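Coordinate analysis (summary)
Residues per chain, in single letters:
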Amino acid sequence: MSIKLGDTAPNFQAKTSIGDIDFYEFLGDSWGVLFSHPADYTPVCTTELGATAAFQGEFEKRNVKVLALSVDGVESHKGWIKDINETQNVDVQYPIIADENREVSNLYDFIHPNAIATATVRSLLVIGPDKKVKLIITYPASTGRNFHEIIRVIDSLQLTENQGFSTPANWKQGEDVVISPKISTEEAKQKFPKGVRELKPYLRFTPAP
Ligand code: BEZ
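Residues numbered from 1 in each chain as written. Predicted model: local features only at pLDDT ≥ 70, side-chain atom pairs only at ≥ 80, totals over all residues. Heavy atoms only, no water.

1. Things to note about the packing of helix H2 (residues 43-54) against helix H4 (residues 74-88)
Cut-off, in case you're wondering: Every angle, taken between N-to-C directions, lies between 0 and 180 degrees, and every axis is a line fitted to C-alpha atoms, over only the stretch in contact when it is a helix. Helix and strand definitions here come from DSSP, where helices need a minimum of 4 consecutive H or I residues and strands a minimum of 2 consecutive E residues; each element is numbered from the N-terminal end. Roughly parallel means an angle under 35 degrees; roughly antiparallel, over 145; roughly perpendicular, 65 to 115; everything else is oblique. Residue contacts are defined here by distance: any two heavy atoms, one from each residue, within 4.5 Å place the two residues in contact. Gly counts as polar in this scheme, as do all residues outside two lists: the nonpolar Ala, Val, Leu, Ile, Met, Phe, Trp, Tyr, Cys and Pro, and the charged Asp, Glu, Lys and Arg.
Packing of H2 against H4 brings their axes to within 9 Å, and their N-to-C directions diverge by 75°. The angle between the axes of H2 and H4 places the two elements in the roughly perpendicular class. Contact residues: Cys45, Thr46, Thr47, Leu49 and Gly50 in H2; Trp80, Ile84, Thr87 and Gln88 in H4. For the contact of H2 with H4, the residue count by class is four nonpolar, five polar and no charged.

2. Topic: the sheet that holds strand E9 (residues 177-179)
Defined as follows: Should DSSP find at least two bridges between two strands, the strands are taken to pair.
If you walk across this open sheet you meet the four strands as E8-E9-E11-E10, and the pairing is antiparallel. Each edge of the sheet is formed by a strand with only one pairing partner; in this case those strands are strand E8 (165-166) and strand E10 (197-200). In this sheet, strand E11 (residues 203-206) lies alongside E9 in antiparallel orientation, the contact comprising two bridges. Bridge pairing in E11 links Val177 to Thr206.

3. What about the pattern of salt bridges?
Any two side chains of opposite charge can pair, so long as their charged atoms come close to each other. Operational definition: Here a salt bridge means any side-chain nitrogen of Lys or Arg lying within 4 Å of a carboxyl oxygen belonging to Asp or Glu. Burial classes follow relative accessibility: with a 1.4 Å probe on protein chains only, a residue under 20% of its type's maximum area counts as buried, one over 50% as exposed, and anything between as partly exposed.
Under the criterion given, the structure shown has 11 salt bridges. Here Glu48 and Arg122 are joined by a salt bridge, their closest N and O atoms 2.9 Å apart. You can see Glu48 sitting in helix H2 and its partner Arg122 sitting in strand E6 (residues 122-127), a full 74 residues away along the chain. The class of Glu48 is buried, set by a relative accessible area of 2%. Given a relative accessible area of 2%, Arg122 falls into the buried group. One salt bridge connects Asp155 with Arg62, and the closest N-O pair in it is separated by 2.5 Å.

4. Observations concerning the domain arrangement of the chain
Using the following cut-off: Segmentation of the chain into domains, including their bounds, is taken from an automatic or database domain assignment.
Split by domain assignment, the chain resolves into domain 1 (13-144) and domain 2 (165-206). Taking only C-alpha atoms into account, the centre of domain 1 sits 36 Å from that of domain 2.

5. Some thoughts on the site of the ligand
Which entries qualify depends on this criterion: Nearness here has a simple test: a residue counts as near a molecule or strand if at least one of its heavy atoms is within 4 Å of that partner. Pairs of N or O atoms within 3.5 Å make up the polar contacts considered here, provided that, within protein, one atom can donate a hydrogen while the other can accept it, and that residues adjacent in sequence are counted only when both atoms are side-chain atoms.
All residues adjacent to the ligand are Pro38, Thr42, Pro43, Val44, Cys45, Arg122 and Ala141. Contacts to the ligand include Val44, whose backbone N or O atom sits 2.8 Å from an oxygen atom. The side chain of Arg122 places a nitrogen or oxygen atom 3.2 Å from an oxygen atom of the ligand. Looking at the shell around the ligand, its residues break down into five nonpolar, one polar and one charged.

6. Focus: the UniProt feature "active site" (unreviewed entry) in the chain
In plain terms, the rule: UniProt positions are given in the numbering used here, feature names are shortened, and annotations may be inferred rather than shown by experiment.
The UniProt entry lists Cys45 under the feature "active site" (unreviewed entry), expressed in the numbering used here. Summarising the element assignment, Cys45 is placed in helix H2. Excluding residues within four positions of it along the chain, Cys45 makes contact with His37, Pro38, Ala39, Trp80 and Arg122.

7. Some words on the packing of aromatic side chains
As a reminder of what qualifies: Two aromatic rings, drawn from Phe, Tyr or Trp (for Trp, its six-membered ring), form a pair once their centres lie within 6.5 Å of each other, and the interplanar angle then sorts them: stacked below 30 degrees, edge-to-face above 60, tilted otherwise.
Within this structure, the stated rule accounts for nine aromatic pairs. Geometrically, the ring pair formed by Phe35 and Phe147 is edge-to-face, given 5.9 Å between the ring centres and 70° between the ring planes. With Phe35 in strand E3 (residues 31-36) and Phe147 in helix H6 (residues 147-160), the pair connects residues that are 112 residues apart, well separated along the chain. The pair formed by Phe35 and Phe147 is uniform in burial state, with each residue classed as buried.

8. Structural notes on the environment of Ile96
When you line up the elements, Ile96 lands in strand E5 (residues 96-98). Classification of Ile96 by relative accessible area gives buried; the value is 0%. Taking the C-alpha atoms as reference, Ile96 lies 9.1 Å from Ser36; in sequence the two are 60 residues apart. Beyond its immediate sequence surroundings of up to four residues, Ile96 is in contact with Lys15, Thr16, Ser17, His37, Leu49, Ala68, Leu69, Ser70, His77 and Ile81.

In structure tokens, the structure reads:
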């Protein structure tokens, strides 16, 4: 199944390193990050899962629950978590799905047979409290993801939703945002009292609220 932005993230039940879960129950009203990695006990994945654990506080601040997945089993995950904690100096608290029968991987299209025949690639979805898919990224096995970028996108998603503005290239929290082309400059001046900076009629900035 191919999932696209705006689709409802499908629910599933799965075995994980912290016990059996129902995905929707696990998420509750929170945002979610669901990410796959190729295999346990591999070097890049070890750094990625460590980086995610190191960002636990950042995810919590943003009301985001994190869930990892690979096609290895629960006992393998538990043993590997000890290594991640030891080598990355973290405490992995989030669950890792043991998707040995590939049910979740197939549901979320995490297996790309022309890239890696049997395992999952590095895909990541951000899911909103409405269970809609807000971000999909897929990296090759050779490239560890940048979790600063994931946090940056979540900040943008949470800031911009139905606000009449978007975030420009390389935007970071606190920087100016761009006003939607659907809003006239006159309307924008009313809506954004902190000021409107117009470079072109279609390219207008305002300080982030
Ligand atoms: C890694 O995590 O280092 C890795 C995993 C699968 C294929 C290649 C690299």
